[in-house]
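If you want the building blocks of each chain, they are given just below.
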Amino acid sequence: MWIAHALFLVICYSLVVLTRAEEKLVTFNDTNFRFFGRWHVNTFTQNLQSTWPGAYVKAEVTGTTIIRVILGQPTSVYAKVDDGPLKKLEATPVSGQGNQSWAELMLGDHFDSNQSHQFMLIATVDDPALQFHAVALSSEACTVPPSHLSGRNVEFIGHDLTLGTGTSHSFLTGYAWIVSDLLGVELSQIAYPNARLMDDGSSFGMETRYFHGGASYPPSCIVLFLARNDRGHEDDYAASLTRFLRRLHTRAKDTPILVLSEPLGDLFRASQGAVNQLSSESHQDIYFIDTTSWIRYGATMFLDPGHFTDAGHETFAKKLLPYLQAKLAVPPQPLPSFPPNPNLPGHWQTMDLGEASSIGLPGSVSFDADNTFTLWGSGTDISKDRDAFRYVYQSMSGNGSIEATVESHSAFAACAKAGIMLREHLALGSPHVMLGMSSADGLFLQTRETNLNATRVIKKMRASPPYRLRLVQKGFSVTASVSNRDSEWEPFAEIKTSLARDIYVGLAVTSCDTSVVSVAKFSNISLKGGVGSGGLSLPRFIEQKPN
């Protein structure tokens, strides 16, 4: 293993801390210590030093009544002994020689020497440089390999969400540690606050920092959750992410890489495009996973747009779990495929989409004979920089089309809408194209061109149901056509778009009032082209259960 090999190359110096009576010291290069995360040897201070928060060491000792840890400097550290709780402890200074300073951490001095004891030390976000030097044990004690190691290691690359920033116990209550605990695997955490991918000239981003800073065990799977802090650089980000993933894939050959979308869709198009580019180069073990429907934006799950609550991290971890289970299986399995919604035909799925407080009453959908859907939808609107509505959808890759007749639309508010939609992702501010009907605008075509920006009405015309609607996407163009029931198709408008290659297509209804439900009936629904499932996980489609 990389770290074990590095340790044997170290010239070991005698410890300058005086050993207490009836103690012996076991230094960091003991081969029974197991280190996870990034570590490097500091020959000047005679320590093994962590380089990222969350790096940890595990060890098991037998025949001891004391465990005293010697560190290179006073620091805060998370510690756990046997099955006890994780506690945040402070290492205190002790005497050294010359200019060398040391610190000690007493994990216990009353152990039963007839039993073995396992301990773990974890570097905190406040003090990520944990300088591990030695462990003082009873003179007759010895170390043995830790008995509770899975042999599998997941590496998480990211920013504040990966660090669990804002949760009750930092990264220990973050999704990465939760899902690793559920899987029973070790983890490496390569993350820092406000992390971004790209270098910006004055400081390095992950594209540089990742490849420096110590050695670690080769991961069994890599999870990349990183885009939010690079917003505003979509074109540059796609190119940088492609280079980063290509380099990462070369370094960790044959290791599955899961690229998670940001939960609110930041740089969704660029992230998906980078994975698509690599898939075309035969990098088939790199996957893009749309997480935008996993947890709903609101106070229960989000502290703010960039941070989850404890409950948000727990929910996110459970959503991620089956993806990691598939790729950690021996042999690795395809990413999970959920069965279709039992209440809908084929691959149709449905959900209330938007911020929790903006949805209002729960929506629903029924499927009737002759390819007819009835949608009940509440929500504040599909407009401005965020939406709240009921959506019935499938995924669409590349060129395709949707046709449907709006048979009827019952609503109290004039701004209530019903229509067909092409939508990039399932978060509240997604880019989209909608052809619909409302009392206020009649027939209308609207678009939101970039994530969380304002919608723009392209054209509107006085009309009322029943009316037949059609959206056709071909390349970077979307053509809207309408038909007054039995008449021929009439061109309504054509717009240029830059939607992602793999999007969602379906039926949308909003009441424009959170206290009431709008009801719309759609008939003669037709989907053509690259249409086929309820969710996106690239390079393959999979079906996703909505919330």
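Residues numbered from 1 in each chain as written. Predicted model: local features only at pLDDT ≥ 70, side-chain atom pairs only at ≥ 80, totals over all residues. Heavy atoms only, no water.

Visitor: Account for the overall build of the protein chain, with residues named and values stated.
Guide: When you go through the protein chain residue by residue, the secondary structure sums to eight helices and 36 strands. Going through the 547 residues of the protein chain one by one, you find that 58% of them count as buried. Restricting to contacts in the protein chain with at least 6 residues of sequence separation, those with at least 24 account for 72%. Within the structure as shown, the protein chain displays about 21400 Å² of accessible surface, and the carbon and sulfur contribution to it stands at 51%. Here the protein chain contributes 44 positively and 52 negatively charged side chains, and the mean placements of these two sets differ by 5 Å. (Helix = DSSP H or I, 4+ residues; strand = E, 2+ residues; numbered from the N terminus. Buried < 20%, exposed > 50% of the residue type's maximum accessible area, 1.4 Å probe, protein only. Contact = heavy atoms within 4.5 Å. Areas by Shrake-Rupley, 256 points an atom, 1.4 Å probe, with all protein chains shown as cover. Lys, Arg positive; Asp, Glu negative; His and termini not counted. Charge placed at Lys NZ, Arg CZ, Asp CG, Glu CD.)

Visitor: Tell me about the packing of aromatic side chains, and name the residues and values.
Guide: Following the criterion strictly, the structure yields 27 aromatic pairs and no others. Note on Phe268 and Phe288: the rings are 5.1 Å apart at their centroids and 85° apart in plane angle, and the pair reads as edge-to-face. In this pair, Phe268 is assigned in helix α6 (residues 268-280) and Phe288 in strand β18 (residues 286-289), connecting sequence segments 20 residues apart. For Phe268, a relative accessible area of 1% translates into the label buried. Grouping aromatic residues by their ring pairs yields a cluster made of Phe156, Tyr175, Phe225, Trp294, Tyr297, Phe302, Phe308, Phe316 and Tyr323. Looking at Arg470, its charged tip hangs above the ring of Trp489, at a distance of 4.4 Å from the centre. (Phe/Tyr/Trp six-rings, centres within 6.5 Å; stacked < 30°, edge-to-face > 60°. Lys NZ or Arg CZ within 6 Å of the ring centre and 35° of its normal.)

Visitor: Tell me about helix α7 (residues 310-328), and name the residues and values.
Guide: Helix length check: α7, at 19 residues, gives a terminal C-alpha distance of 25 Å against a target of 27 Å (1.5 Å per residue), a fit within 8%. Along its length, α7 reaches its greatest deviation from straightness, about 35°, at Leu321, and the proline Pro322 lies no more than four positions downstream. Taken as a whole, α7 has its buried residues at Gly312, His313, Phe316, Ala317, Leu320, Leu321, Tyr323, Leu324, Ala326, Lys327 and Leu328. (Expected span 1.5 Å × (residues − 1). Bend = angle between axes of the 7 residues up to and from the residue.)

Visitor: Describe empty space enclosed by the protein, and please don't skip the residues or the numbers.
Guide: Overall, the coordinates contain two cavities of 30 Å³ or more when judged by the stated rule. Taken as a whole, the largest cavity encloses approximately 100 Å³ of empty space. For the largest cavity, the lining is made up of 15 residues, of which Thr292, Ile295, Arg296, Tyr297 and Leu426 are closest to its centre. The class makeup of the residues in the lining of the largest cavity is ten nonpolar, four polar and one charged. (1 Å grid on protein atoms, 1.4 Å probe; cavity = no way out; pocket = protein on both sides within 12 Å on 5 of 7 lines; lining within 4 Å. Points joined across faces, edges and corners; volume = space filled by probe spheres on them. Nonpolar A, V, L, I, M, F, W, Y, C, P; charged D, E, K, R; others polar.)

Visitor: A description of the state of the cysteines should follow, citing residues and the corresponding values.
Guide: A covalent bond between the sulfur atoms of two cysteines is referred to as a disulfide. All chains considered together, the criterion is met by one disulfide. With a sulfur-sulfur separation of 1.9 Å, Cys415 is cross-linked through a disulfide to Cys512. Taking the sign of the torsion about the S-S bond as the criterion, the disulfide between Cys415 and Cys512, at about -105°, is left-handed. In this pair, Cys415 is assigned in the loop between β25 (386-410) and β26 (417-423) and Cys512 in the loop between β33 (502-510) and β34 (518-531), connecting sequence segments 97 residues apart. Taking relative accessible area as the criterion, Cys415 reaches 27% and is therefore assigned partly exposed. The class for Cys512 is buried, based on a relative accessible area of 16%. (Disulfide = S-S within 2.5 Å.)

Visitor: An account of the pattern of salt bridges is needed here, citing residue identities and associated values.
Guide: What the rule picks out here adds up to 20 salt bridges. Residue Arg246 is joined to Glu281 by a salt bridge in which the shortest nitrogen-to-oxygen separation is 2.8 Å. Here the residue Arg246 occupies a position in helix α5 (residues 234-251), and Glu281 occupies one in the loop between α6 and β18, the gap between them amounting to 35 residues. The class for Arg246 is partly exposed, based on a relative accessible area of 30%. With relative accessibility at 31%, the residue Glu281 sits in the partly exposed group. (Salt bridge = Lys/Arg side-chain N within 4 Å of Asp/Glu carboxyl O.)

Visitor: Tell me about the environment of Ala176, residues and numbers included.
Guide: You can see Ala176 is positioned in helix α3 (residues 175-183). For the pair Ala176 and Val223, spaced 47 residues apart in sequence, the C-alpha separation works out to 9.2 Å. Those residues in contact with Ala176 that sit more than four places away from it in its chain are Phe156, Thr162 and Leu187.

Visitor: Explain α5 to me, and be specific about the residues and the numbers.
Guide: The terminal C-alpha atoms of α5, which comprises 18 residues, lie 25 Å apart, in line with the 26 Å expected from a rise of 1.5 Å per residue. Tucked into the core, α5 has its buried residues touching β14 (153-158), α4 (206-209), β16 (221-225), β17 (257-260), α6 and β18.

Visitor: Can you tell me about the nonpolar core, naming the residues and giving the values?
Guide: Formed by 42 residues in total, the largest nonpolar core has its most connected members in Phe156, Tyr175, Leu258, Leu320 and Leu324. Of all elements in the fold, only β11 (117-123), β14, α3, β16, β17, β18 and α7 reach the threshold of two or more residues within this core. Top contributing element to this core by residue count: α7, with seven residues. In contact with Phe156, not counting residues within four places along its chain, are Thr162, Tyr175, Ala176, Val179, Ser180, Leu187, Ser188, Gln189, Ile190, Val223, Leu320 and Leu324. Judged by nonpolar contacts, the second largest core, of 36 residues, contains Val392, Val433, Ile503 and Phe522. (Core = buried A, V, L, I, M, F, W, Y, C linked by side-chain atoms within 4.5 Å.)

Visitor: So, the side chain of Glu155: which residues are in play, and what are the values?
Guide: Looking at where Glu155 falls in the secondary structure, it is placed in strand β14. One buried charge, Glu155, has no salt-bridge partner; the nearest side chain with opposite charge is Arg38, at 4.3 Å. When sequence neighbours within four positions are dropped, the list of residues in contact with Glu155 reads Arg38, Ser188, Ile190, Tyr210, Ser216, Pro219, Cys221, Ile222 and Val223.

Visitor: Please give an account of the side chain of Asn153 that cites residues and values.
Guide: In this structure, Asn153 sits in strand β14. Within the structure, Asn153 has its side chain in polar contact with the backbone nitrogen of Leu187 (distance 3.4 Å). (Polar contact = N/O pair within 3.5 Å; in protein donor to acceptor, adjacent residues only side chain to side chain.)

Visitor: Which residues make up the environment of Gln49, and what values do they have?
Guide: As for its position among the elements, Gln49 is in strand β4 (residues 47-50). Gln49 gets classed as buried once you look at its relative accessible area, which sits at 14%. As for Gln49 and Pro128, which are separated by 79 residues in sequence, their C-alpha atoms are 9.0 Å apart. Excluding anything up to four places from it in sequence, Gln49 contacts Arg38, Trp39, His40, Asn42, Ala129, Leu130 and Gln131. A distance of 3.4 Å separates the side chain of Gln49 from the side chain of Gln131, its partner in a polar contact.

Visitor: Before we move on, could you go through the layout of surface pockets and cite the residues and values that matter?
Guide: Any empty space left between atoms is shown by rolling a water-sized probe over those atoms. The volume enclosed by the largest pocket comes to roughly 690 Å³. Along the wall of the largest pocket there are 29 residues; nearest its centre are Lys58, Lys80, Gln118, Met120 and Asp181. When residues of the lining of the largest pocket are traced back to their parent elements, those giving at least two are β5 (56-62), β7 (76-81), β11, α3 and β15 (186-191). The residue inventory of the lining of the largest pocket, partitioned by class, reads twelve nonpolar, ten polar and seven charged. In this structure, the second largest pocket encloses a volume near 240 Å³. Lining the second largest pocket are 16 residues, with Phe476, Ser498, Leu499, Ala500 and Arg501 sitting closest to its centre. Those elements that provide at least two residues to the lining of the second largest pocket are α5, α6 and β25. In the lining of the second largest pocket, the residues fall into five nonpolar, seven polar and four charged.

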